[in-house]
Amino acid sequence: MLRPYCLRFCLVTCLALPGLAVSVLGQALVRQVNLEELSRHAGVIVHGRIVEVRAEGHPDYPNVRTLVVALNVIENVRGAKGKRITFRQYAPAARLRSGAVATPAGKYSTAEYQVGQELVLFLYPESQYGLTSPVGAGQGRFRVLRDASGGALIVNEAGNRGLFENVAASAKQSGVTLSGAEQRMLARPGSPVELSTFLGLAKRLGGGGQP
């Protein structure tokens, strides 16, 4: 059972960082967001490979479990500083028990983040507690799928459903001209899409990443 100050911390951080409410209240309450919204709300948009995952208490609130993830940056779309970034995400103990696996180094691998995994992440700006999470929960976390020739497709935990809904209209309103490849991508809802085309459009959407 969480102590009162830890409970207050969880409630405050959920209010301060909308993505954390997902962890507490469940995926069923997550509103569907499209690419324009992902881009607009993200403080960091990065393509990288995970090099470390560990579970630990928050530095200021030890009873509040968090997940610390480090990844090497392959491409910085927005907000990443340097060739490696590290972020801290709220991680309920129940989720860690169900998804965590101890490694020989005593660290952790979860279904969400695994060492060696190649991802594209849309992360909220850090809260005042130093926490963040993918925008729209699993909607802002994309797995990169490589074929035998090295081609890359990406897909999020929602199977890209709703990802491109109304994006063409939003792009037009923002003065963003879609390329032929981007138009073809938007015409394939609910399918894995080509990585470079996706990132190219994400760079030009979102009004500078302000929530």
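As a starting point, this report considers the structure included with it. Just so you know, the residues in each chain are numbered from 1, in the order the chain's sequence is written. In keeping with the model being predicted, local features are shown solely for residues with a pLDDT of at least 70 and side-chain atom pairs are shown and tallied solely at 80 or more, while totals for entire chains, interfaces and linings include all residues. Excluded from the side-chain calculations are hydrogens and water; all other atoms, namely the structure's heavy atoms, are used.

**Describing the overall build of the protein**
Item 1. Put simply, DSSP H or I for four residues or longer makes a helix, DSSP E for two residues or longer makes a strand, and each gets a number counted from the N terminus. Within the protein one finds seven helices and nine strands.
Item 2. Here, Shrake-Rupley sampling with a 1.4 Å probe gives the accessible areas, and only protein chains in the shown set may cover a residue. Roughly 10500 Å² of accessible area belongs to the protein as shown, and the carbon and sulfur atoms make up 53% of that amount.

**Side note on the pattern of salt bridges**
Item 1. By salt bridge we mean one thing: a side-chain nitrogen of Lys or Arg within 4 Å of a carboxyl oxygen of Asp or Glu. Under the defined criterion, the tally for this structure stands at eleven salt bridges.
Item 2. Measuring nitrogen to oxygen at the nearest pair gives 3.1 Å for the salt bridge that ties R31 to E37.
Item 3. With its nearest N and O atoms 2.9 Å apart, the salt bridge here joins R88 to E56. One end of the pair, R88, is in strand β3 (residues 84-90); the other, E56, is in strand β1 (residues 44-57), and 32 residues separate them in sequence.
Item 4. Connected through salt bridges with shared partners, the residues E52, R54, E56 and R88 form a single ionic network.

**Remarks on the nonpolar core**
Soluble globular proteins: nonpolar side chains tend toward being buried together.
Item 1. Formed by 29 residues in total, the largest nonpolar core has its most connected members in L35, V120, F122, F198 and L201.
Item 2. Broken down by secondary-structure element, the contributors of at least two residues to this core are α3 (35-41), β6 (118-123), β7 (141-146), β8 (152-156), α5 (167-173), α6 (180-186) and α7 (195-204).
Item 3. Pairs of residues are marked as contacts when any of their non-hydrogen atoms sit within 4.5 Å. Residues contacting L35, with those up to four places away along its chain left out, are F122, L163, F164, V167, F198, L201, A202 and L205.
Item 4. Remark: nonpolar core denotes a set of buried residues (Ala, Val, Leu, Ile, Met, Phe, Trp, Tyr, Cys) joined through side-chain atoms within 4.5 Å. When a residue's accessible area, from a 1.4 Å probe over protein chains only, is under 20% of the maximum for its type it is buried; when over 50% it is exposed; and in between it is partly exposed. If you look at the next biggest cluster of nonpolar residues, it comprises 17 residues, including I50, V53, V69 and L119.

**Let's talk about the packing of aromatic side chains**
Two aromatic rings, taken as a pair, are described by how far apart their centres are and by the angle between their planes.
Item 1. What counts as a ring pair is set by centres within 6.5 Å for rings of Phe, Tyr and Trp (its six-membered ring), and what kind of pair is set by the plane angle: stacked under 30 degrees, edge-to-face over 60, tilted for all other angles. With the rule as written, the count across this model stands at five aromatic pairs.
Item 2. Judged by centre distance (6.1 Å) and plane angle (70°), the rings of Y61 and Y129 are edge-to-face. In this pair, Y61 sits in the loop between β1 and β2 (65-78) while Y129 sits in the loop between β6 and β7, placing the two residues 68 residues apart along the sequence.
Item 3. Classification of Y61 as partly exposed rests on a relative accessible area of 22%.
Item 4. Among the aromatic side chains, those forming a connected cluster through ring pairs are F122, F142 and F198.
Item 5. Just above the ring of Y113 sits the side chain of R141; from NZ or CZ to the centre is 5.1 Å. Charge over a ring is defined by NZ of Lys or CZ of Arg lying within 6 Å of the ring centre and within 35 degrees of the ring normal.

**Quick notes on the pairing of β2**
Item 1. Two strands qualify as a pair provided that DSSP identifies no fewer than 2 bridges between them. Pairing between β1 and β2: twelve bridges, direction antiparallel. Each residue of the ladder has a partner; that of R49, found in β2, is N72.
Item 2. Note: β2 against β3, seven bridges, orientation antiparallel. Looking across to β3, one finds that V68 is bridged to R88.
Item 3. What sits between β2 and β3 in their antiparallel hairpin is a turn of five residues, with G79 showing a positive phi close to 85°.

**Description of the pairing of β7**
Each regular strand carries side chains that alternate between the two faces of the sheet.
Item 1. Two strands pair when backbone bridges link them, and β6 and β7 are joined in this way by three bridges, in the antiparallel orientation. The partner of V120 across the bridge, within β7, is F142.
Item 2. Bridge count for β7 against β8 is five bridges, and the pairing is antiparallel. Residue pairing for β8: F142 is matched across the bridge by N156.
Item 3. Counted along the chain from β7 to the antiparallel partner β8, the turn is five residues long, and its residue G150 has a positive phi close to 95°.

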